[in-house]
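# Commentary on secondary and tertiary structure
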Amino acid sequence: MIQLSHKNLMREACYIDGAWVGADSGATLSVDNPATGATIGRVPKMGEAETLRAIDAANAALPAWRAKTGKERAGLLRKWFDLIMAHQDDIARIMTTEQGKPLAEAKGEVAYAASFIEWFAEEGKRVYGDVIPTFAAGRRIIVTKEPVGVVAAITPWNFPAAMLTRKAGPALAAGCTLVCKPASQTPFTALALVVLAEEAGIPRGVINIVTGSAREIGGAITASPIVRKLTFTGSTEVGKVLIEQCAATVKKVSMELGGNAPFLVFDDADLDAAVEGAIASKYRNNGQTCVCANRFYVQRGVAKAFADKLAARVAQMKVGDGLEAGVVLGPLIDDAAADKVDELMADATSKGAEVVIGGGRHELGGRFYKPTILLGATQDMRLSREEIFGPVAPIFVFDDEKEAVGYANDTEFGLASYFYTRDVGRVFRVMEALEYGIVGINEGLISTEVAPFGGVKESGMGREGSKYGIEDYLEVKYALIGGI
Ligand code: ADP
């Protein structure tokens, strides 16, 4: 059992229409601790029938919720935000136990997650329309914005709290109601957030959560004509399936999919700053984020120095159970994830990459992996095309700016990118040339609720956070008034 000060925060049930319930069949799924392999608890294994009930509940709750003023909804969301922050430590403990990230990172994620509820509570009060100057006498044009309706959210395991609130915040603030399905590896964090939404007084049916079979729940969501929008964070592969399934009912979709972030270091860069940025960007969440630097392109003259400095920092990183003090790298999420990193490493070393530090599984065993740096990475290695999702930093060498930008853009992905330089002209040239939704310039951490997060190309569509984030949950209505 996880020791918590809030007695009811860890729920082994789903929340549908204001009630905590199990699966119709009574079936459950076990959730394990990736650091130890021990079972933490069980959640309902729901499927189509329960999902349809959750959708109906969201639909029934919609008229009253959308009829509230932005300020009324904001009041409830603010209470939810306050409760999340009041229980930050408990939620972080649940998160570390089911997800593996170090406790300090988990606490940081809870605050980051809560910030989206706070931000959109405020933003929801400012959903302005337009009065457009008329095209003809006696007529007027008014543009208003309305909630899209019932929204479904499918979220991943790497940020079990923030990926949910980035969707729930704007959806609820805009006047939409919600059905969410968290990843099966990390449902307890999401369930805890919903416990607090209930305590905050968010009316029954406005937020519903179902756990269980992704295929069945996803199928019921995408087939439903009631669900008007699907918002998904996860792999490009699953995202494509969901987009296809949503076509039948022409749903709006927001997709935050995979990335293959380049991290460029030019020879005029502040190398120490680049190393700090690299540590933050690469090793946060043990390399398991869609904005983690996947490929380091370093200009030839500074490549060795950069690798050495990075290795000196990596050598200090403590690997272990995220609940242990001082640990900065937890386990990988599951055995399949660790196997994938092994495969990419074997491919890279067989093609000539040299291990600077690390290079395989950690002595702790299980899903622990040594933080690794590779030098001499090349474009023919699988890790130049595929998301590593582990603590491996491959360093590629380049000679000039054009070549570096060419490599950086040579991918079907376009989420986050990073570069380090002190040349102001280069800042603008490279920023404009990178085909990415997000560019960190002399910065390795780019996530904040105040800025628009999202990708181009096969990394997805839509933006989360900022004033742009609420637009994804709104429809524009144009009214032409004649006879004036
Ligand atoms: P990751 O690669 O990050 O594990 P996935 O794309 O596999 O991400 O999963 C992200 C989310 O999508 C999870 O909640 C997962 O349960 C869900 N999911 C996976 N496959 C499907 C599917 N076929 N239909 C609907 N949801 C799915």
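Only a predicted model underlies this, so the values are computations on that prediction, with no experimental measurement involved.

Our focus in this paragraph is unusual backbone geometry. Even without being a glycine, asparagine 285 presents a positive backbone phi close to 55°. Look at asparagine 285 and you get buried, because 22 C-beta atoms sit within 10 Å.

The positions UniProt marks with the feature "domain: Aldehyde dehydrogenase" (unreviewed entry) are residues 20-478. Annotation note: span residues 20-478, helix share 41%, strand share 20%, distance between end C-alpha atoms 40 Å.

Glancing now at the site of the ligand. Around the ligand sit 14 residues, and of these Ala214, Gly218, Gly234, Ser235 and Val238 come closest. For the shell around the ligand, the secondary-structure elements that each account for two or more residues are helix H7 (214-223) and helix H8 (236-247). Grouping the amino acids of the shell around the ligand by side-chain chemistry returns seven nonpolar, five polar and two charged.

Let us look at the packing of helix H3 (residues 88-99) against helix H6 (residues 187-200). To describe two helices that pack against each other, one gives the angle between their axes and the distance between the axes. It is the contact of H3 with H6, at a shortest axis distance of 8 Å, that shows an interaxial angle of 160°. The orientation of H3 relative to H6 falls into the category roughly antiparallel. Two packed elements cross with a definite hand, and for H3 against H6 that hand is right-handed. Touching Ile91, Ile94, Met95 and Glu98 of H3 are Phe188, Thr189 and Ala192, all from H6. Split by residue class, the contact of H3 with H6 holds five nonpolar, one polar and one charged.

Turning our eyes to something else, we now look at the sheet that holds strand S12 (residues 261-265). In space, the seven strands of this open sheet follow the order S14-S15-S16-S13-S12-S17-S18, with mixed pairing throughout. At either end of the open sheet lies a strand with only one pairing partner, and these are strand S14 (354-357) and strand S18 (438-441). Going across the sheet, the axis of each strand differs from the next one's by a mean of 25°, ignoring polarity. One ladder, built from four bridges, connects strand S17 (residues 416-420) with S18; its direction is parallel. Along S18, the bridge assignment pairs alanine 416 with isoleucine 438. Helix-sheet contacts for helix H10 (residues 300-314) involve S12, strand S13 (293-299), S14, strand S15 (372-375) and strand S16 (392-398), and the interaxial angle to S13 is about 135°.

Further remarks concern H10. End to end, H10 covers 21 Å across 15 residues, agreeing with the expected 21 Å (1.5 Å per residue, within 8%). Where H10 is concerned, the buried positions are Ala303, Phe306, Ala307, Leu310 and Val314. Of the surrounding elements, those touching the buried residues of H10 are S12, helix H9 (271-283), S13, S14, S15 and S16.

Taking burial as the measure, the seven residues of S16 include seven buried ones, the bulk of the element. Taking every second residue as pointing to the same face, both faces of S16 are buried, with Val392, Pro394, Phe396 and Phe398 on one and Ala393, Ile395 and Val397 on the other. Where S13 meets S16, four bridges bridge the pair, whose relative direction is parallel. Among the inter-strand pairings, glutamine 299 is bridged to a residue of S16, identified as phenylalanine 398. The pairing of S15 with S16 spans four bridges and is parallel. Residue pairing in the sheet places threonine 372 in a bridge with valine 392 of S16.

Parameters and conventions
Residues numbered from 1 in each chain as written. Predicted model: local features only at pLDDT ≥ 70, side-chain atom pairs only at ≥ 80, totals over all residues. Buried ≥ 20, exposed ≤ 12 C-beta atoms within 10 Å, placed from the backbone. UniProt positions renumbered as here; feature names shortened; annotations may be inferred. Helix = DSSP H or I, 4+ residues; strand = E, 2+ residues; numbered from the N terminus. Near = placed C-beta within 6 Å. Nonpolar A, V, L, I, M, F, W, Y, C, P; charged D, E, K, R; others polar. Axes fitted to C-alpha atoms, helices over the stretch in contact; angles between N-to-C directions. Parallel < 35°, antiparallel > 145°, perpendicular 65-115°, else oblique. Left-handed = near helix turned anticlockwise from the far one by under 90°. Contact = placed C-beta atoms within 7 Å. Pairing = 2+ DSSP bridges. Expected span 1.5 Å × (residues − 1).

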